[in-house]
Amino acid sequence: MTTITAEQAATQIEQAYRTEITQRGQQGWVTVVALMNRLDLTVDQMTAGARLLARKGGWAVAPTSNQKALSDLDRASALWIGGQWKHVISAN
């Protein structure tokens with residue numbers, strides 16, 4: 001895996017998010033798993049990029065409200081941000 005900066009990860013997350021919502025035809029929450037399927041980033045790189053997006057504003061990273069509905073893959077791909085596991089990302 002190539003070393004990338006948080007800024008590079010954030011850019012890749014933004015691009016993957018835009019592609020995902022364009023294909024869905026609507027705005028809204030996108031799962032971390034869906035984004036990771038489009039990217040060649042580790043969970044740590046995804047976390048760094050998502051933290052940067054959330055700090056700069058215009059982006060939200062949140063836990064899934066129905067924790068029982070999470071798959072094993074959702075749990076394994078979760079991002080640890082703000083003392084909580086986050087499973088979805090959205091542009092505001």
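Residues numbered from 1 in each chain as written. Predicted model: local features only at pLDDT ≥ 70, side-chain atom pairs only at ≥ 80, totals over all residues. Heavy atoms only, no water.

**Quick notes on the overall build of the protein**
Keep this limit in mind: Helix and strand labels come from DSSP, where a helix needs a run of H or I of at least four residues and a strand needs a run of E of at least two; each type is numbered from the N terminus. Between the two quantities, the radius of gyration covers C-alpha atoms and the globule rule is 2.2 Å times the number of residues to the power 0.38. Relative accessibility under 20% of the residue-type maximum defines a buried residue, over 50% an exposed one, and the middle range a partly exposed one, all with a 1.4 Å probe and only protein chains included. By the convention used here, residues are in contact when the closest approach between their heavy atoms is within 4.5 Å. What sets the accessible areas is the Shrake-Rupley method with a 1.4 Å probe; for residues, cover comes only from the shown protein chains. Under the counting rule used here, the positive set is Lys and Arg, the negative set is Asp and Glu, and His together with the chain ends is not counted. Note on charges: their place is set at NZ of Lys, CZ of Arg, CG of Asp or CD of Glu.
The helix and strand inventory of the protein stands at 4 helices and 5 strands. Each helix and strand of the protein, ordered N terminal to C terminal, gives the series α-β-α-α-β-α-β-β-β. The C-alpha radius of gyration computed for the protein amounts to 12 Å, which stays within 12% of the reference 12 Å derived for 92 residues, consistent with globular compactness. Counting only C-alpha atoms, the protein reaches 35 × 30 × 25 Å along its principal axes. Counting every position in the protein, which comprises 92 residues, the buried fraction comes to 41%. Contacts in the protein between residues far apart in sequence, at least 24 positions, make up 67% of those at least 6 positions apart. Of the roughly 5,300 Å² that the protein leaves accessible, carbon and sulfur atoms contribute 49%. Charged side chains of the protein number 9 positive and 7 negative; the gap between the two group centres comes to 8 Å.

**As for the sheet that holds strand 2 (residues 59–62)**
Note the threshold: Should DSSP find at least two bridges between two strands, the strands are regarded as paired. Between N-to-C directions, angles span 0 to 180 degrees; the directions come from axes that are lines fitted to C-alpha atoms, helices contributing only their stretch in contact.
With respect to topology, 3 strands assemble into an open sheet ordered 1-5-2, the strand pairing being antiparallel. Each of the sheet's edge strands pairs with one partner strand only, and the pair in question is strand 1 (30–31) and strand 2. In terms of strand pairing, strand 2 meets strand 5 (residues 88–91) through 4 bridges, oriented antiparallel. In the strand pairing of strand 5, Ala60 is matched with Ser90. In the packing of helix 1 (residues 6–24) onto the sheet, contacts are made with strand 1, strand 2 and strand 5, and the angle to strand 5 comes to roughly 85°. Where helix 3 (residues 43–56) meets the sheet, its contacts fall on strand 2 and strand 5, and the angle it forms with strand 2 comes to roughly 130°.

**Structural notes on helix 3**
Here is the rule we go by: Helix span, as expected, comes to 1.5 Å for every residue beyond the first.
Between its terminal C-alpha atoms helix 3 stretches 20 Å, which fits the 20 Å expected from 14 residues at 1.5 Å a residue. Turning to helix 3, its buried residues are Gln45, Met46, Thr47, Gly49, Ala50, Leu52 and Leu53. Among the structural elements, helix 1, helix 2 (32–38), strand 2, strand 3 (79–81) and strand 5 are those in contact with the buried residues of helix 3. Trailing helix 3 by a residue or two, Gly57 shows a phi angle of about 95°, which is positive.

**A word on the pattern of salt bridges**
Using the following cut-off: Whenever a carboxyl oxygen of Asp or Glu lies within 4 Å of a side-chain nitrogen of Lys or Arg, that contact is scored as a salt bridge.
Counting across every chain of the model gives 2 salt bridges. Lys56 is the salt-bridge partner of Glu14, the closest N and O atoms lying 3.6 Å from each other. Of this pair, Glu14 sits in helix 1 while Lys56 sits in helix 3, and the two are 42 residues apart along the sequence. One salt bridge in this structure joins Glu20 and Arg38, with 2.7 Å as the shortest N-O distance. Here Glu20, found in helix 1, pairs with Arg38, found in helix 2; they are 18 residues apart in sequence, far enough to count as distant.

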